[in-house]
Amino acid sequence: MTLVQLTDVSKNYGTVRALEGVSLKVSPGEITCVLGDNGAGKSTLIKIIAGLHEHDGGTLLIDGEETRLSSPREALDRGIATVYQDLAVVPLMPVWRNFFLGSEPRKGVGPFKRLDVDHMRRTTHAELLRMGIDLRDVDQPIGTLSGGERQCVAIARAVYFGAKVLILDEPTAALGVKQSGVVLKYVAAARDQGLGVVLITHNPHHAYLVGDRFVLLRRGTMVGAYTRDDITLDDLTAQMAGGSDLDDLRHELQRT
């Protein structure tokens, strides 16, 4: 079963071709890693799957149905949740309020309706615990959490609100080794709950720790697609570093 499949997808911005001939598939209980340096086309790919931009060429299938997503809301309704690197949280609000931000349950009738705070507190604590995150106090401002913990809250939130596909935009980019390990643990937990995960990263070591499939982008084109059995970490790292381009540079520097 395939949740999302892109085949030969391309995207133009005016005369600039941002993506050309990119294919990938996302299956339940698997992590597909998209790797590339800045300008490789990773952000454009996210925007197409997340419904921010429509693709110009190729096909996008969701649950086997050819689709053109016209908005992030439509993507969410189809079960695709995106956690961006800059995390849309309100730092001074408590963890539970950020967990339900924009989807707050209410109780009461008519003009007496009010936020169901007890339910939100209980649910936030229980859902974080289910993902293995033991926060004693969900009333603390989310800004007091570490970067890794905030990423984990965002992942747990997506799982709770019924995401089938979870896109993570460079979740470990600004984190140290220990915090990166924490985030990758919860990425694996989302996979183990049956979600299809798309992990966008420029770090082959992080990708290889959790990835089942690897798609490499360079200057908007796909330069490789592998399963875990097809490629070693060393080969993945060499491809990310530019492979033959790096060898040419080494020879050029030696001559100099």
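Please read all numbers here as calculations on a predicted model, not as lab measurements.

**Some words on the overall build of the chain**
And step 1. Regarding its fold elements, the chain presents nine helices and 12 strands.
And step 2. Taken across its 256 residues, the chain has 42% of its residues classed as buried.
And step 3. Sequence-distant contacts in the chain: of pairs separated by 6 or more residues, those separated by 24 or more amount to 65%.
And step 4. Of the charged side chains in the chain, 29 are positive and 32 negative; the average position of the first set lies 7 Å away from that of the second.

**With respect to the packing of helix H4 (residues 117–130) against helix H5 (residues 147–160)**
And step 1. Remark: H4 packs on H5, axes separated minimally by 10 Å, with the N-to-C direction vectors making an angle of 105°. Viewed along their axes, H4 and H5 adopt a mutual orientation that is roughly perpendicular. Residues His119, Thr123, Glu127, Leu128 and Arg130 of H4 lie in contact with H5, whose contacting residues are Val153, Ala156, Val159 and Tyr160.
And step 2. Class assignment for the residues of the contact of H4 with H5 results in five nonpolar, two polar and two charged.

**Looking at the packing of aromatic side chains**
And step 1. Here the structure, examined in full by the defined rule, presents seven aromatic pairs.
And step 2. A ring pair is formed by phenylalanine 99 and phenylalanine 161, whose centres lie 6.4 Å apart and whose planes are at 35°; its orientation type is tilted. Separated by 62 residues along the polypeptide, phenylalanine 99 in helix H3 (residues 95–99) and phenylalanine 161 in the loop between H5 and strand S9 (165–169) bring together distant segments of the chain.
And step 3. For phenylalanine 161, a relative accessible area of 36% corresponds to the partly exposed category.

**Description of the nonpolar core**
And step 1. If you look at the biggest cluster of nonpolar residues, it comprises 45 residues, and the most contacted ones within it are Leu166 and Phe214.
And step 2. A per-element tally of this core places H5 first, with seven residues.
And step 3. Setting aside residues up to four positions removed in sequence, phenylalanine 214 forms contacts with Cys33, Leu35, Ala207, Tyr208, Gly224, Ala225, Tyr226, Thr227, Arg228, Ile231 and Leu236.
And step 4. The next biggest cluster of nonpolar side chains, apart from the first, holds 25 residues, and it includes Val26, Leu45, Leu69 and Leu217.

**A short note on the environment of lysine 113**
And step 1. Here lysine 113 shows up in the loop between strand S7 (106–107) and strand S8 (114–115).
And step 2. Contacts of lysine 113, omitting those with residues within four sequence positions, involve Lys107 and Gly108.

**Some remarks on the pattern of salt bridges**
And step 1. Under the definition given, this model contains 14 salt bridges.
And step 2. Measuring nitrogen to oxygen at the nearest pair gives 3.9 Å for the salt bridge that ties arginine 121 to aspartate 118. Within this pair, arginine 121 and its partner aspartate 118 are both found in helix H4, separated by three residues, close to a single helical turn.
And step 3. Taking the relative accessible area as the measure of exposure, arginine 121 reaches 30% and is therefore partly exposed.
And step 4. Note on aspartate 118: relative accessible area 43%, which makes it partly exposed.
And step 5. The closest approach of N and O atoms between arginine 130 and glutamate 127, which form a salt bridge, is 3.0 Å. Of this pair, arginine 130 and glutamate 127 both sit in helix H4, three residues apart, which is roughly one turn of the helix.
And step 6. Relative accessible area serves as the criterion here: at 13%, glutamate 127 is assigned to the buried category.
And step 7. Three or more residues are tied together by salt bridges with common partners; here these are Asp118, Arg121 and Asp139.

Reading the values: the criteria
Residues numbered from 1 in each chain as written. Predicted model: local features only at pLDDT ≥ 70, side-chain atom pairs only at ≥ 80, totals over all residues. Heavy atoms only, no water. Helix = DSSP H or I, 4+ residues; strand = E, 2+ residues; numbered from the N terminus. Buried < 20%, exposed > 50% of the residue type's maximum accessible area, 1.4 Å probe, protein only. Contact = heavy atoms within 4.5 Å. Lys, Arg positive; Asp, Glu negative; His and termini not counted. Charge placed at Lys NZ, Arg CZ, Asp CG, Glu CD. Axes fitted to C-alpha atoms, helices over the stretch in contact; angles between N-to-C directions. Parallel < 35°, antiparallel > 145°, perpendicular 65-115°, else oblique. Nonpolar A, V, L, I, M, F, W, Y, C, P; charged D, E, K, R; others polar. Phe/Tyr/Trp six-rings, centres within 6.5 Å; stacked < 30°, edge-to-face > 60°. Core = buried A, V, L, I, M, F, W, Y, C linked by side-chain atoms within 4.5 Å. Salt bridge = Lys/Arg side-chain N within 4 Å of Asp/Glu carboxyl O.

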